[in-house]
Every structure is written in C-alpha cells, then in structure tokens.
Amino acid sequence: MRYQNHITNKDICMKQFNFFKHLHEKLKANRRHFTVVFKGQSFKAIENETLLNSALKQNIEMAYSCGSGVCKQCRLFVLTGAVNNTDSDKSVTLGCKTYPLSNLEITQI
Ligand code: FES
C-alpha cells in the first residue's frame, strides 16, 4: 500500500534526473554559436567544443593526429576572430585545444 505523501527513493531520483535533464537542455540551448571559415568552407562551432571536434562532426577535413595537444598536427592560424587559446604570437593555435570566442576565419599551417 502506498500513502499519498510517501516519497520513495525512486521519486527523489526521478526528480533529480528531471532537474539535471532540464538544466542540461537549458545550458545547451544557451550556448553561443559561431561561424568558422576554413579553406573556403564554413562550418558551425559552439563555444564549448573545440574547433577540431566541430569541424570533424561536420565532415570538414582538418589535419590532426593525437587530438590531445601533443602532436601539433592540428596547428591553425587565426586570420580573424578570437579564440581562447593561442601561442605567444597570438595567431597560432591548436585546433584540438581551442574554443571559439567569435566568428572566425582560420587556415591550417
Ligand atoms: S591533434 Fe595533436 S596537437 Fe592537436
């Protein structure tokens, strides 16, 4: 028999699940989207996804190997726009470690 005001662990888990699901969807909807021009093609990038991942998801060919910032195969030159992560000369960055902060024009080195 189940009482009207009896809350089970399953009820609590479902409430927490629904709360985090709602939060995730809200955060996902609020992400900023940018347009990246690369080798004459353009693709969409979102602020919390690396340029390499965004490109690969949209079948844009971008050189890479390790995907973790070690091999330097994914070096990019930022022609216009802002990214979170650049080398000392402020224009060279790694596609696998870089997140867009604005619309970009980039080329591979
Ligand atoms: S893919 Fe190796 S450093 Fe980016």
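Structure shown above.
What comes next is a walk through the structure. What you see is a predicted model; the values in this text were computed from it and never measured.

Scanning the chain from terminus to terminus reveals 2 helices and 5 strands. The globule rule puts the C-alpha radius of gyration for 109 residues at 13 Å, and the 20 Å found for the chain is more than 25% above it. Seen through its C-alpha atoms, the chain measures out along the principal axes to roughly 70 × 30 × 25 Å. When contacts within the chain are restricted to residue pairs at least 6 apart in sequence, those whose partners lie at least 24 apart make up 42%.

With that settled, consider the environment of G69. Looking at the element boundaries, G69 is found in the loop between α2 (51-57) and β3 (75-80). Between the C-alpha atom of G69 and that of K97, which follows or precedes it by 28 residues, the distance is 6.3 Å. Excluding anything up to four places from it in sequence, G69 contacts L94, C96 and K97.

Let's shift gears to the pairing of strand β5 (residues 104-108). As defined by bridge partners, strand β1 (residues 33-38) adjoins β5 across 3 bridges and the pair is classed as parallel. Residue pairing in the sheet places V36 in a bridge with L104 of β5. Judged from the 4 bridges that link them, β3 and β5 form a sheet pairing that is antiparallel. By the bridge assignment for β5, T80 is matched with E105.

Right, let's get into the nonpolar core. Counting residues in hydrophobic clusters, the biggest one holds 16 residues, and the most contacted among them are V36, L51, L52 and C74. Residue assignment for this core shows that the elements contributing at least two residues are β1, α2 and β5. Look past the residues within four positions of L51 in its chain and what remains in contact with it is V36, A45, L76, G95, T98 and P100.

On to the sheet that holds β5. Pairing between the strands of a sheet comes from backbone hydrogen bonds, and it takes one of two forms, parallel or antiparallel. Taken together, the 5 strands give an open sheet; going across it, the order is β2-β1-β5-β3-β4, and neighbouring strands pair in mixed fashion. Single-partner strands in this sheet number two, and they are β2 (41-46) and β4 (92-94). Across the sheet, the mean angle from the axis of one strand to that of its neighbour is 40°, orientation sign disregarded. Sheet topology note: the β1/β2 ladder contains 6 bridges and is antiparallel.

Moving on, we get to unusual backbone geometry. Residue N59 is not a glycine yet carries a positive backbone phi of 60°. Turning to its location among the elements, N59 is positioned in the loop between α2 and β3. Positive phi, normally seen in glycine, also occurs at K72, with a value near 65°. Here K72 lies in the loop between α2 and β3. By the C-beta count within 10 Å, which is 13 here, K72 ends up partly exposed.

What counts and how
Residues numbered from 1 in each chain as written. Predicted model: local features only at pLDDT ≥ 70, side-chain atom pairs only at ≥ 80, totals over all residues. Helix = DSSP H or I, 4+ residues; strand = E, 2+ residues; numbered from the N terminus. Rg over C-alpha atoms; globule rule 2.2 N^0.38 Å. Contact = placed C-beta atoms within 7 Å. Pairing = 2+ DSSP bridges. Core = buried A, V, L, I, M, F, W, Y, C linked by C-beta atoms within 7 Å. Buried ≥ 20, exposed ≤ 12 C-beta atoms within 10 Å, placed from the backbone. Axes fitted to C-alpha atoms, helices over the stretch in contact; angles between N-to-C directions.

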